[in-house]
Amino acid sequence: MKNILFILSGPSGVGKGTLANLLRERNKNVALSISCTTRQPREHETDGKEYFFISKDEFIKEIESDGFLEYSSHFGNYYGTPRKFVENKLKTHDVMLEIDVNGGLSVKKNYKDAILIFIAPPSFNELKNRLINRHTETEDKIEERLQRIDYEFEKEKQYDYTVINDDLNRAVSELEKIINEEKNK
Ligand code: ADP
Ligand code: 5GP
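Here's a quick rundown of the structure. (Residues numbered from 1 in each chain as written. Chains lettered and ligands numbered in written order. Predicted model: local features only at pLDDT ≥ 70, side-chain atom pairs only at ≥ 80, totals over all residues. Heavy atoms only, no water.)

All right, on to the nonpolar core then. Counting 25 residues, the largest nonpolar core has F6, L8, M96, I117, I119, V163 and L175 as its most contacted members. Breaking this core down by element, the ones donating at least two residues are β1 (5–9), α1 (16–26), β2 (30–32), β8 (115–120), α5 (124–134), α6 (139–146) and α8 (168–183). No other element matches α8, which puts five residues into this core. The contacts of I117, once residues within four sequence positions are left out, are F6, I7, L8, S9, Y159, Y161, V163, L175 and I178. (Core = buried A, V, L, I, M, F, W, Y, C linked by side-chain atoms within 4.5 Å. Buried < 20%, exposed > 50% of the residue type's maximum accessible area, 1.4 Å probe, protein only. Helix = DSSP H or I, 4+ residues; strand = E, 2+ residues; numbered from the N terminus. Contact = heavy atoms within 4.5 Å.)

Here it is, written out as structure tokens:
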């Protein structure tokens, strides 16, 4: 069976990280790519788990040595997908990226068979509540993230699937169904 590159995108706080972690627990053949970022770790984040937290200088060096499959800046920080990890892992596993809509569409240009999955919130208010209840961002940062939602939904039209993250277990099951169907095509 072929290995597939799946790309999860969607507004900040919609639950991409939560969904991706659950999916990996339930499906050992799905490897999660860990991005590099120049943003500061949040309280419960560990280097090498949620992200590789690197300095701006290190990030620029990686760009110069073509170490990223794609990269972009959001909310004043850089984020990039490590090229080698994705290329190597795809030889033996399905790979899942959790990146923003522009990163997703940029990767799709080089990986035509990649499957783009947009994660949508059940409502704008629920998205706002999740960001508030996560307690990781200041009010300003939450506002900044919410203001990007129209832009993300504009790009959603180019995605292959949209999954609404209402009930967590239901949404993971829908993701699993998509993965299985794509692998059996
Ligand atoms: P993202 O990675 O998209 O920024 P997270 O995975 O950090 O989002 O989730 C944001 C918050 O929403 C977290 O506190 C998480 O526990 C919560 N969350 C995720 N999915 C659901 C869901 N289906 N129902 C309720 N809360 C959720
Ligand atoms: P956060 O700071 O909330 O973890 O992430 C902010 C945004 O950066 C999210 O939309 C997330 O999907 C995106 N992101 C995380 N890693 C990458 C990456 O490697 N590349 C791109 N383009 N976006 C990323």
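Here the narrative resumes, following the displayed structure.
What follows covers the site of ligand 1. Around ligand 1 sit 14 residues in total, of which G13, K16, T18, R134 and N165 are the nearest. One of the side-chain N or O atoms of R134 is found 2.8 Å from an oxygen atom in ligand 1. The site holding ligand 1 turns out to be the largest pocket. The set of elements that each furnish at least two residues to the shell around ligand 1 consists of α1 and α5. (Near = heavy atom within 4 Å. Polar contact = N/O pair within 3.5 Å; in protein donor to acceptor, adjacent residues only side chain to side chain. 1 Å grid on protein atoms, 1.4 Å probe; cavity = no way out; pocket = protein on both sides within 12 Å on 5 of 7 lines; lining within 4 Å. Sits in = over half its atoms within 2 Å of the grid points.)

How two helices sit against one another is set out by the angle between their axes and by the gap between those axes. One way to put it is that α1 packs onto α8 with a least axis distance of 10 Å and a crossing angle of 60°. Classified by the interaxial angle, the pair formed by α1 and α8 is oblique. Remark: the crossing between α1 and α8 carries right-handed chirality. Within the contact between the two elements, α1 uses T18, L19, L22, L23 and R26 and α8 uses L168, N169, A171, V172, S173, L175, E176 and I179. (Axes fitted to C-alpha atoms, helices over the stretch in contact; angles between N-to-C directions. Parallel < 35°, antiparallel > 145°, perpendicular 65-115°, else oblique. Left-handed = near helix turned anticlockwise from the far one by under 90°.)

Spatially, β2-β7-β1-β8-β9 is the arrangement adopted by the five strands of the open sheet, whose pairing is parallel. The strands lining the two open edges of the sheet, one partner per strand, are β2 and β9 (161–164). Each strand of the sheet is rotated relative to its neighbour by a mean of 25°, with strand direction disregarded. With four bridges joining them, β1 and strand β7 (residues 94–98) adopt parallel strand pairing. Paired with I7 across the bridge in β7 is L97. Where α8 meets the sheet, it contacts β1, β2, β7, β8 and β9, and its direction lies at approximately 160° from that of β9. (Pairing = 2+ DSSP bridges.)

Around ligand 2 there are 18 residues in total, and S35, R39, Y51, E70 and Y79 lie nearest to it. Measuring from an oxygen atom of ligand 2, one finds a side-chain N or O atom of R42 at 2.9 Å. A distance of 3.2 Å separates an oxygen atom of ligand 2 from a polar atom in the backbone of G80. Coverage of ligand 2 by the protein amounts to 96% of the 510 Å² it exposes when considered alone. The pocket occupied by ligand 2, as judged from atoms lying within 2 Å of grid points, is the largest pocket. Of all the secondary-structure elements, those providing two or more residues to the shell around ligand 2 are β5 (68–74) and β6 (77–82). (Areas by Shrake-Rupley, 256 points an atom, 1.4 Å probe, with all protein chains shown as cover.)

Phi at D66 takes a positive value of approximately 60°, unusual for a residue other than glycine. According to the relative accessible area criterion, D66 is partly exposed, its value standing at 48%. Look at H135: it is not a glycine, yet its phi comes out positive at around 55°. On the accessibility criterion, H135 (67% relative accessible area) is exposed.

The next subject is the environment of N77. Relative to the helices and strands, N77 is located in strand β6. In this view, N77 contacts T37, T38, R39 and S72; residues no more than four positions away in its chain are not counted.

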